[in-house]
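Here are the chains, one letter per residue:
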Amino acid sequence: MQIIDVLPSIFEKRYGTNGPDMSRVDEYLPSLGIQPGAVDDAIARVAHQYYVLGLTQADIAKRLGITRFKAHRMLAQARERGMVRVELNVSSASRLSLEDRLTERFDLHGAYVCPSDITADVPLSSVIGHYAASIVAPLIHDGTTIAVSWGATLRAMAMALEPVSAQNLSVVPLLGSLATRSTIDRYEASSVLAQRLNAECFYLPGPILCDSPETKAAIDALPVISETLSKARKAELALLSIGGTNMSSLFDSGVLSSQDRDSAIAAGAIGNLLGRFIGKDGHQIDHPLNQLCLGIGPEEVRSVPVRILCAGGPNKLAAISGALDAGVATMLVTDETTANALLTR
């Protein structure tokens, strides 16, 4: 029996079912004398037995000597790590009709509508991101530069994207960097995308929101910043997401305080796009924090010829509608419920 067969059981016996998550156990492996790669091997084996061999989670748990809960969690990790990608080549007449109507209503080059079904483990952001990956892949060609925003939807898209044959690719962020590992693991998309595509990854080594106009000016003056932003403006493809009325990503990541959020809403913000607060018309509102955001804003991103907005959900409805009316995106990937709501506004 190999270590990959017993690794889940080792962790369960040593740390209990509430111990380290399988996505973070690499840091515990040296104390057990186990190579970090064994974690991926163990997760891959569980995924193989479930998706290829057709075994149930109960069968897998019995084979490996782990609990059914542990088998379920490892399957979730396989999806999150991009080991498993499920492609559905199915379109319904109702969704095709929605796509045509969205394209006409918002003067888009294309609209793509996915199912709205979710589970406790797979939120809507992951569903939209998964479907967006199949839309993005054919748009990537040799020498393409892809400018990327951030958020759970775009990270899910990056994780689901199949490697492409195109060469000499570049991925460049549209916004400054997140500050902590936990928020990077949830929302950061550009480095994941670059890894999936074997692309050169550029960085903006500065915060999303600067603490003062002076700090913002000093960071903007750095050659590495100006060069990266210049490359972003010249990208062929931009991948965008949007924050809704609760602005949860900015808030949860610590970029935005509750006072800042309340102040923005009082000033007319209905969401955030590329780190900037936007109003009902999809344009930036007059708010001091909009002047402190590091990166490419909604007005500048229009220089990118293909701009795909990947977003959905009731709390984002007003922001999505405003951004589309303002012409921020040339393509839309959303879910069926959101699509219907957009067309009835």
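Residues numbered from 1 in each chain as written. Predicted model: local features only at pLDDT ≥ 70, side-chain atom pairs only at ≥ 80, totals over all residues. Heavy atoms only, no water.

1. Some details on the sheet that holds strand S4 (residues 200-201)
Next up, step 1: With respect to topology, seven strands assemble into an open sheet ordered S1-S9-S8-S5-S2-S3-S4, the strand pairing being parallel. Pairing within the sheet leaves two strands with one partner each, and these edge strands are strand S1 (110-114) and S4.
Next up, step 2: Across four bridges, strand S2 (residues 145-148) lies against strand S3 (residues 170-173) in parallel orientation. Within the sheet, the bridge partner assigned to Ile 146 lies in S3 and is Val 171.
Next up, step 3: Contacting S1, strand S5 (237-240), strand S8 (306-310) and strand S9 (331-335), helix H7 (residues 124-136) crosses the sheet at an angle of about 140 degrees to S9. (Pairing = 2+ DSSP bridges. Helix = DSSP H or I, 4+ residues; strand = E, 2+ residues; numbered from the N terminus. Contact = heavy atoms within 4.5 Å. Axes fitted to C-alpha atoms, helices over the stretch in contact; angles between N-to-C directions.)

2. Notes on H7
Next up, step 1: Over its 13 residues, H7 runs 18 Å from end to end, which matches the ideal 18 Å to within 8%, given 1.5 Å per residue.
Next up, step 2: Within the sequence span of H7, burial applies to Leu 124, Ser 125, Val 127, Ile 128, Gly 129, Ala 132, Ala 133, Ile 135 and Val 136.
Next up, step 3: Those residues of H7 hidden inside the fold are in contact with S1, helix H8 (152-160), S5, S8 and S9. (Expected span 1.5 Å × (residues − 1). Buried < 20%, exposed > 50% of the residue type's maximum accessible area, 1.4 Å probe, protein only.)

3. Here we look at the packing of aromatic side chains
Next up, step 1: In this structure the tally under the stated criterion is one aromatic pair.
Next up, step 2: Centroid distance Tyr 50 to Tyr 51: 4.9 Å. Interplanar angle 85 degrees. Geometry classified as edge-to-face.
Next up, step 3: In this structure, Arg 105 is placed above the aromatic ring of Phe 106, and the distance from its NZ or CZ to the ring centre is 4.2 Å. (Phe/Tyr/Trp six-rings, centres within 6.5 Å; stacked < 30°, edge-to-face > 60°. Lys NZ or Arg CZ within 6 Å of the ring centre and 35° of its normal.)

4. Observations regarding the pairing of S9
Next up, step 1: Counting buried positions along S9 gives five out of five residues, so the element sits mostly inside the fold.
Next up, step 2: Because side chains alternate across S9, one face comprises the buried residues Met 331, Val 333 and Asp 335, and the other comprises Leu 332 and Thr 334, equally buried.
Next up, step 3: With five bridges connecting them, S1 and S9 associate as parallel partners. Counted as the bridge partner of Gly 110 is Met 331 from S9.
Next up, step 4: Pairing analysis gives three bridges linking S8 to S9, with the strands arranged parallel. Each bridged residue has a counterpart across the sheet, and for Cys 310 the counterpart in S9 is Val 333.
Next up, step 5: A crossover connection joins S8 to the parallel S9 through helix H15 (residues 317-325); in handedness this β-α-β unit is right-handed. (Right-handed = clockwise from strand over helix to strand, strands pointing away.)

5. Some remarks on a nonpolar patch on the surface
Next up, step 1: On the surface, Tyr 50, Tyr 51, Val 52 and Leu 53 cluster together to form a nonpolar patch covering roughly 360 Å² of accessible area.
Next up, step 2: Among the secondary structure elements, Leu 53 is positioned in the loop between helix H3 (37-52) and helix H4 (57-64). (Patch = residues over 30% accessible without salt bridge, like charges linked within 9 Å, V, L, I, M, F, W, Y side chains within 5 Å. Areas by Shrake-Rupley, 256 points an atom, 1.4 Å probe, with all protein chains shown as cover. Salt bridge = Lys/Arg side-chain N within 4 Å of Asp/Glu carboxyl O.)

6. Overview of the nonpolar core
Next up, step 1: Judged by nonpolar contacts, the single largest core of 56 residues is most densely connected at Leu 102, Ile 242, Val 301, Leu 309 and Leu 324.
Next up, step 2: Take this core: its biggest share by element is five residues, from H15.
Next up, step 3: Discounting chain neighbours no more than four positions away, the residues touching Leu 102 are Asp 107, Leu 108, Ala 111, Val 113, Leu 332, Thr 334, Ala 339, Leu 342 and Leu 343.
Next up, step 4: One finds Ala 133, Ala 160, Leu 169 and Val 192 within the second-largest nonpolar core, a separate group that totals 33 residues. (Core = buried A, V, L, I, M, F, W, Y, C linked by side-chain atoms within 4.5 Å.)

7. Re the pairing of S2
Next up, step 1: Residues of S2 alternate between two faces, with Thr 145 and Ala 147 on one and Ile 146 and Val 148 on the opposite face, all of them buried.
Next up, step 2: You can see the chain leave S2, run along H8 and come back into S3, and the turn it takes is right-handed.
Next up, step 3: The sheet contact formed by S2 and S5 spans three bridges and is parallel. For Val 148, the partnering residue across the bridge sits in S5 and is Leu 239.

8. Regarding the packing of helix H6 (residues 93-105) against helix H16 (residues 336-343)
Next up, step 1: Put simply, H6 and H16 touch, their axes get as near as 10 Å, and they point 45 degrees apart. It follows from the interaxial angle that H6 and H16 lie oblique. As for the relative orientation of H6 and H16, their crossing is left-handed in sense. On the side of H6, the interface is formed by Ser 94, Arg 95, Leu 98, Arg 101, Leu 102 and Arg 105, while H16 contributes Glu 336, Ala 339, Asn 340, Leu 342 and Leu 343. (Parallel < 35°, antiparallel > 145°, perpendicular 65-115°, else oblique. Left-handed = near helix turned anticlockwise from the far one by under 90°.)

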